[in-house]
Amino acid sequence: MTKGIFITGTDTGCGKTEITLGLMRQLQLSGRIVLGMKPVASGAEETHEGLRNRDALRIQRQGSLALDYEQVNPFAYVPPIAPHLAAERAGQPILLDRIREAFERLAARADWVIVEGVGGWLVPLGRETILPDMVSLLDLPVIMVVGMRLGCLNHALLTAESIANTGLALQGWIANYVDPDMQAEEGNLKTLCSWLPAPCLGAIPYLEQPSPERVGEHLQGCIDALEGRAE
């Protein structure tokens, strides 16, 4: 049976893509067939092949199998703005059923499918649709990436509370140090470990040039927890 996980974050720029790639890499090292998906991406560029988002391209390349770009990123938009606004501007609404179909096609070919969200948790995808609606439809547990910087305590606690309120399972969280000058690093980490209702599955130090290999080195505990859950 294919196993999947949804990667969300405390806000934009917290490192969801780096964590997604690192998890994919570590699972692949254990012999798993791993595919990634970024269902919705704003901030895409026009190419001769169509719209392409940089993060989605990286996820496509990291996959264990060759995939068409549209299988990884069904909905791409040019302006780097909130996805529902980008979709309205393009006249191309985000369709959850199409995302579910794309996910199911990937799941049929893989041991694991890692799905990356867009922005933070309560991101609108349409006039009456928010990101948690998509996660519910895919029926995936959630890992929350906490961008470790000033304000992370509030962002992390509010995000975890919102995940719980939507009835979805927070499998765990990962501390990702995105600010090299962050003060009270240890104190913030201990506070989050005490207050968040799920285990810390890894802590990624600040990396000037993160790569799937370097990030993955710090995620073996997360892999062990995921594989243990799935078994």
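Residues numbered from 1 in each chain as written. Predicted model: local features only at pLDDT ≥ 70, side-chain atom pairs only at ≥ 80, totals over all residues. Heavy atoms only, no water.

## Details of the pattern of salt bridges
Note the cut-off: Each reported salt bridge corresponds to a side-chain nitrogen of Lys or Arg within 4 Å of a carboxyl oxygen of Asp or Glu. Elements are defined by DSSP. Helices are runs of H or I of four residues or more, strands are runs of E of two residues or more, and each kind is numbered from the N terminus. A simple rule labels every residue: compare its accessible area, found with a 1.4 Å probe on the protein chains alone, to the largest value its type can have, and call it buried under 20%, exposed over 50%, or partly exposed in between.
Tallied over the entire structure, the rule returns ten salt bridges. Among the salt bridges present, the one from Arg58 reaches Glu18, with a minimum N-O distance of 2.8 Å. Taken together, the residues span a long stretch of sequence, with Arg58 in helix α2 (residues 54-62) and Glu18 in helix α1 (residues 16-29) at a distance of 40 residues. Judged by relative accessible area, which is 18%, Glu18 ranks as buried. The closest approach of N and O atoms between Asp55 and Arg54, which form a salt bridge, is 3.9 Å. Relative accessible area serves as the criterion here: at 59%, Arg54 is assigned to the exposed category.

## Things to note about unusual backbone geometry
Non-glycine residue Asp139 carries a positive phi angle of around 60°. Here Asp139 lies in the loop between α6 (131-138) and β10 (142-148). In this model, Ala184 sits at a positive phi of 55°, which is unusual for a non-glycine residue. The topology assignment puts Ala184 in the loop between β11 (170-177) and α8 (185-195).

## Considering the sheet that holds β10
Just so we agree on the cut-off: One bridge is not enough; two strands pair if DSSP finds at least two bridges between them. Axes here refer to lines fitted to C-alpha atoms; in helices the fit is confined to the stretch in contact. Angles between the N-to-C directions go from 0 to 180 degrees. The contact rule is simple, with two residues in contact once any of their heavy atoms fall within 4.5 Å.
One open sheet holds the six strands; their spatial order is β2-β7-β1-β10-β11-β12, and the pairing between them is parallel. Of all the strands in the sheet, the pair left with one neighbour each is β2 (34-37) and β12 (200-204). Going across the sheet, the axis of each strand differs from the next one's by a mean of 20°, ignoring polarity. Strand direction decides the pairing type here: strand β1 (residues 3-9) and strand β7 (residues 112-116), joined by five bridges, are parallel. The residue of β7 that forms the bridge with Ile7 is Glu116. Helix-sheet contacts for α1 involve β1, β2, β7, β10, β11 and β12, and the interaxial angle to β7 is about 175°.

## Some remarks on helix α5 (residues 96-107)
This is how the line gets drawn: Helices are assigned an expected span. That span is 1.5 Å times one less than the residue count. The directions from the helix axis to the C-beta atoms are what the arc is built from.
End to end, α5 covers 16 Å across twelve residues, agreeing with the expected 16 Å (1.5 Å per residue, within 8%). Along α5, the positions that sit buried rather than exposed are Leu96, Ile99, Ala102, Phe103, Leu106 and Ala107. Here the buried residues of α5 occupy an arc of 140° about the axis, which is enough to place them on one side.

## A short note on the pairing of β11
The criterion, for reference: Note on handedness: a crossover is taken as right-handed if, strands pointing away from the viewer, the path from the first strand over the helix to the second is clockwise.
Of all eight residues that make up β11, seven are buried, and the element is covered over most of its length. Here β10 pairs with β11 via seven bridges, running parallel. Note that in β11 the partner of Val142 across the bridge is Leu170. As for the winding sense of the linkage, the β-α-β connection from β10 through helix α7 (residues 152-165) to β11 is right-handed. With four bridges connecting them, β11 and β12 associate as parallel partners. The residue bridging Trp173 from the neighbouring strand is Cys200, located in β12. A crossover connection joins β11 to the parallel β12 through α8; in handedness this β-α-β unit is right-handed.

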